[in-house]
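Descriptive analysis of the structure
These are the residues of each chain, in order.
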Amino acid sequence: MSQKIELEAKWFCRSESGFAAFRTEAVRCGAESGRPRSVLIKDSYLDTRDSFFGKRRVSCRLRNAGGCWELTLKARTALKHGVASRLERTIPLRGRRSPAQALDRVRAMLSAVPGHESLREVFV
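Residues numbered from 1 in each chain as written. Predicted model: local features only at pLDDT ≥ 70, side-chain atom pairs only at ≥ 80, totals over all residues. Heavy atoms only, no water.

Moving on: the overall build of the protein chain. Each helix and strand counted, the protein chain has three helices and seven strands in total. For the protein chain, the succession of helices and strands along the chain, N to C, is β-α-β-α-β-β-β-β-α-β. In terms of overall dimensions, the protein chain has C-alpha extents of about 50 × 35 × 25 Å along its principal axes. Within the protein chain, buried positions represent 26% of all 124 residues. Within the structure as shown, the protein chain displays about 9,200 Å² of accessible surface, and the carbon and sulfur contribution to it stands at 53%. In the protein chain, 25 side chains carry a positive charge and 13 a negative one; their mean positions are 2 Å apart. (Helix = DSSP H or I, 4+ residues; strand = E, 2+ residues; numbered from the N terminus. Buried < 20%, exposed > 50% of the residue type's maximum accessible area, 1.4 Å probe, protein only. Areas by Shrake-Rupley, 256 points an atom, 1.4 Å probe, with all protein chains shown as cover. Lys, Arg positive; Asp, Glu negative; His and termini not counted. Charge placed at Lys NZ, Arg CZ, Asp CG, Glu CD.)

The following block contains the structure:
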């Protein structure tokens, strides 16, 4: 299980050459760059029938990234000088092969959440 503070910046590139220029500049500024690779990611945001997470402005995300499942809980986002920051906890769901298995595991892990048995996808 990992816990971290997320600082997120987003850029938009209109072309491969634009991305290459961005990457070159980021590396020049000290960023580490790995080899590009494609990974299919499917994110499902979950909530209970009574909107336990939504009412608290917390995110509960189930992610399948290249066949690996994980649950991420994200606290409220705080903005400071235009930078968004939030506490995030990610828990790998090892050994889960299907969406149903992953969701069953998440429901069991979140058994202290009122209405956890009604946990379902809100959007994908």
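Now that the structure has been shown, the text picks up again.
With a phi close to 60°, Ser 51 is a non-glycine residue in the positive phi region. Tracing the sequence through the fold places Ser 51 in the loop between β2 (41-47) and α2 (52-55). Classification of Ser 51 as partly exposed rests on a relative accessible area of 30%. Even without being a glycine, Arg 57 presents a positive backbone phi close to 55°. As for its position among the elements, Arg 57 is in the loop between α2 and β3 (59-65).

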